[in-house]
Amino acid sequence: MILQAQREEIAIFGKKMLTENLVKGTGGNISICSREDGLMAISPSGKDYLTITAEDVVVTDLDGNIVEGNLKPSSEHKMHAIFYKKRDDVHSVVHTHSTHAATLSCMRMDLPPIYYLQIIAGMEPIRCSKYALTGSQQLAEYAYEAMGNQNGALLANHGVITAGVNLKIAYYMAEQIEFASELYLKAGADISRVTPLNEAEAQEMYDVFTKVFYGGIH
Ligand SMILES: [Zn+2]
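Below, the structure is looked at part by part. Because the structure is predicted, anything quoted here is derived from the model rather than measured.

What counts, and at which threshold
Residues numbered from 1 in each chain as written. Predicted model: local features only at pLDDT ≥ 70, side-chain atom pairs only at ≥ 80, totals over all residues. Helix = DSSP H or I, 4+ residues; strand = E, 2+ residues; numbered from the N terminus. Rg over C-alpha atoms; globule rule 2.2 N^0.38 Å. Buried ≥ 20, exposed ≤ 12 C-beta atoms within 10 Å, placed from the backbone. Pairing = 2+ DSSP bridges. Axes fitted to C-alpha atoms, helices over the stretch in contact; angles between N-to-C directions. Contact = placed C-beta atoms within 7 Å. Left-handed = near helix turned anticlockwise from the far one by under 90°. Nonpolar A, V, L, I, M, F, W, Y, C, P; charged D, E, K, R; others polar. Arc of directions from axis to C-beta. Expected span 1.5 Å × (residues − 1). Parallel < 35°, antiparallel > 145°, perpendicular 65-115°, else oblique.

**Thoughts on the overall build of the chain**
Argument step 1. Counting its regular elements, the chain contains six helices and seven strands.
Argument step 2. Reading the chain from its N terminus to its C terminus gives the helix and strand order α-β-β-β-β-α-β-α-α-β-β-α-α.
Argument step 3. Taking 17 Å as the expected radius of gyration for a compact globule of 218 residues, we find that the chain reaches 21 Å, considerably beyond that expectation.
Argument step 4. C-alpha extents for the chain along the principal axes are approximately 70 × 35 × 30 Å.
Argument step 5. Here the chain holds 218 residues, and the buried ones make up 41% of them.

**Quick notes on the sheet that holds strand β6 (residues 152-155)**
Argument step 1. Within the open sheet, the seven strands sit side by side as β4-β3-β2-β1-β5-β7-β6. Their pairing is antiparallel. Lying at the two open borders of the sheet, with one neighbouring strand each, are β4 (66-68) and β6. Taken over all neighbouring pairs, the strand axes of this sheet differ in orientation by 25° on average, direction set aside.
Argument step 2. One ladder, built from four bridges, connects strand β1 (residues 29-34) with strand β2 (residues 39-42); its direction is antiparallel. The partner of Ile32 across the bridge, within β2, is Ala41.
Argument step 3. Sheet strands in contact with helix α1 (residues 4-19) are β1, β2 and β5 (92-96), and its direction is about 160° off that of β1.

**Quick notes on the pairing of strand β3 (residues 58-61)**
The two faces of the sheet receive side chains in turn, since in a regular strand these alternate between them.
Argument step 1. In this structure, β2 lies alongside β3, joined through four bridges in antiparallel fashion. Bridge assignment links Ala41 to a residue of β3, and that residue is Val59.
Argument step 2. Examined bridge by bridge, β3 and β4 share two bridges and lie antiparallel to one another. Opposite Thr60, over in β4, you have Ile66 as the bridge partner.
Argument step 3. Between β3 and β4, which pair antiparallel one after the other, the connecting turn spans four residues, and Gly64 there sits at a positive phi close to 90°.

**Observations regarding the packing of helix α3 (residues 99-106) against helix α5 (residues 167-187)**
Argument step 1. At a minimum axis separation of 7 Å, α3 and α5 run at an interaxial angle of 65°. Crossing of α3 against α5: the hand is left-handed. Contacts between α3 and α5 involve His100, Ala101, Thr103 and Leu104 on the former and, on the latter, Ile177, Glu178, Ser181, Glu182 and Leu185.
Argument step 2. Along the lines of polarity and charge, the residues of the contact of α3 with α5 split into four nonpolar, three polar and two charged.

**So, unusual backbone geometry**
Where the residue is not glycine, phi is negative for most of them; where a peptide bond is considered, it is trans in most cases.
Argument step 1. Backbone geometry at Leu3 places phi at a positive 50°, although glycine is not the residue there.
Argument step 2. Looking at the secondary structure, you find Leu3 in the segment before α1.
Argument step 3. Residue classification places Leu3 among the buried residues on the basis of 23 C-beta atoms within 10 Å.
Argument step 4. Backbone geometry places Asn21, a non-glycine residue, at a positive phi of 65°.
Argument step 5. Along the chain, Asn21 falls in the loop between α1 and β1.
Argument step 6. When the 11 C-beta atoms within 10 Å are taken as the criterion, Asn21 is described as exposed.

**Side note on helix α4 (residues 137-147)**
Argument step 1. The complete set of buried residues in α4 reads Leu139, Ala140, Tyr142, Ala143, Ala146 and Met147. One side of α4 carries all its buried residues, which in axial view fall inside an arc of 165°.
Argument step 2. Elements that come into contact with the buried residues of α4 comprise α2 (77-86), β6 and β7 (159-164).
Argument step 3. After α4 finishes, the residue Gly148 shows a positive phi value of roughly 60°.

**A word on α5**
Think of an α-helix as 3.6 residues a turn; residues three or four steps apart then line up on the same face.
Argument step 1. The end-to-end C-alpha separation of α5 is 30 Å, in line with the 30 Å expected for 21 residues at 1.5 Å each.
Argument step 2. Summarising the contacts, the buried residues of α5 are in contact with α1, β1, β5, α3, β6 and β7.

**Description of the packing of α2 against α4**
Argument step 1. Look at α2 against α4: their axes get within 8 Å of each other, and the N-to-C directions meet at 50°. Here α2 is positioned oblique relative to α4, judged by the angle of their axes. Considering only the axes of α2 and α4, their crossing is right-handed. Between α2 and α4, the contacting residues are Lys78, Met79, Ile82, Phe83 and Lys86 on the first element and Gln137, Leu139, Ala140, Glu141, Ala143 and Tyr144 on the second.
Argument step 2. Looking at side-chain class alone, the contact of α2 with α4 contains seven nonpolar, one polar and three charged residues.

Written as structure tokens, this is what we have:
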């Protein structure tokens, strides 16, 4: 099996991505580029991450032609390949659909540099791309343009893409962008709209808990 180590790593990180809630279902995708032979290993299209094995990970050239693998490569493979073609510093690409970052992307908002660990993906705002259809060459170009010389971008009405020197770092960036997006949205919440329970309501509830859990000893 060619690119065995890379394919194993992709299978492991696919499970992480699902269980750590950066994607839902079969959304998102991961790749690693092997520059010596101009190939990339990429997660397969439409297969449950929990069942993906190293054999299921597809090896393609940078034009999307399958070199080894029984399944179809992720439909978003063009968006991975463009970074390998155009940037020598990128060896792995991670694309997620994480909730808070995707929320910003639905508002076509950039994520300003608000959280210290997101700086790993760039000092400037993490920019939101223009909208294009998933899997299209247009989306690949918009993603590339939005990322600029940074390492992360939001994809309009869709999710996140990060590009790193290796898979661990690209994945870490996707996690930090998601967390920073969550902070940004929560920091912007209108807490003046929250109505607390009044003293009598709180007392009433406290008495219920006291009776139920402490047998009236409180
Ligand atoms: Zn996607």
